[in-house]
Amino acid sequence: MENLKPRTATSRRRFLSVLAAGVALGAVVSTGFQVPALAAVTESGADLTGWTNVVGDGVYAAPGQAPVNDADIALENRGTDSLLRANVLKRGIMAHAISFKRITDVSMMQTVHQAGFSFQMPYVPSTAGGPRNAQTVEGGLFVWDGINTKVDHGTAFQWVLNPWQSNFGQIRVWTGNSWAAAGYLKPDTAWHNVSLMVDPVNSKVELLIDGVNMNAPYSRTTKSGWATAVSARLQAETISLYPGANATSGPQQEVLIRDWTWTRQ
């Protein structure tokens, strides 16, 4: 964010080294005949059961506060939805919670990915303060091309929810090295839908929020220190409010996620 001193929410993912083996999709072999198109594989769920929850890089700890760690984030799967929480202990920090599902297979770079989910703020962030307030809600769909080129391909959005910022309610999209303004979504407690498409072969993406095309660019982000295997991941994220340079406490952030789907062909 523009008004934050630490390098936080404006940088893209540097996950902890949790990129391990995923689910192999297999391959089709044909001799003497045209190879048929692979059947679409679709996965879905009402909540985020089976997803991985980690601390992201959009973090800050005020002087005297321990670094942001796993105890500061939580994912509660409730059957019909999931509650993703950041700064659950209400410390003087800004915490970044990332929940993601990953598929590891070399075919992911030759696959068209279509995914999405619904999200809801259970409260409206406000300058009146209180025990809950927000920095951002985010989501994305990415394909990591492995050790040879070390590039993350895909698209992501960021909903700016810090009520003290002049761009409160702005939707941003990831360009590969920064966030760019793309639209506006009024902060409210309604359910909203995000739809994401990534086609690595043709270097195309599409990102829609509530059916509105955000005109997101195809992003390429160079990474180091990541796993060597090709993989794809769908992710939902949230960042708690930046508490101030010398904060001793800070509000919690919560966002609800439900009805995710991911089709690969």
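How each quantity is defined
- Residues numbered from 1 in each chain as written.
- Predicted model: local features only at pLDDT ≥ 70, side-chain atom pairs only at ≥ 80, totals over all residues.
- Heavy atoms only, no water.
- Buried < 20%, exposed > 50% of the residue type's maximum accessible area, 1.4 Å probe, protein only.
- Helix = DSSP H or I, 4+ residues; strand = E, 2+ residues; numbered from the N terminus.
- Pairing = 2+ DSSP bridges.
- Contact = heavy atoms within 4.5 Å.

(A) Examining the pairing of strand E5 (residues 82–86) more closely. Counting buried residues along E5, five of its five residues qualify, which places the element largely inside the surrounding structure. Direction of pairing for strand E4 (residues 73–77) relative to E5: antiparallel, over a ladder of five bridges. For Asn77, the partnering residue across the bridge sits in E5 and is Ser82. With five bridges connecting them, E5 and strand E18 (residues 253–264) associate as antiparallel partners. Among the inter-strand pairings, Ser82 is bridged to a residue of E18, identified as Ile257.

(B) Examining the environment of Ser99 more closely. Structurally, Ser99 can be placed in strand E7 (residues 96–104). For Ser99, a relative accessible area of 0% translates into the label buried. Sequence spacing of Ser99 and Val55 is 44 residues, and the spatial spacing of their C-alpha atoms is 8.9 Å. Among residues more than four places away in sequence, those in contact with Ser99 are Leu48, Trp51, Thr52, Asn53, Leu75, Leu84, Leu234, Gln235 and Ala236.

(C) Molecular detail of unusual backbone geometry. Positive phi, close to 55 degrees, is recorded for Lys90, a residue that is not glycine. For Lys90, the position within the fold is in the loop between E5 and strand E6 (93–94). Since its relative accessible area comes to 36%, Lys90 is described here as partly exposed. For Asn215, which is not a glycine, the phi torsion comes out positive at approximately 50 degrees. For Asn215, the position within the fold is in the loop between strand E15 (212–213) and strand E16 (219–222). Judged by relative accessible area, which is 64%, Asn215 ranks as exposed.

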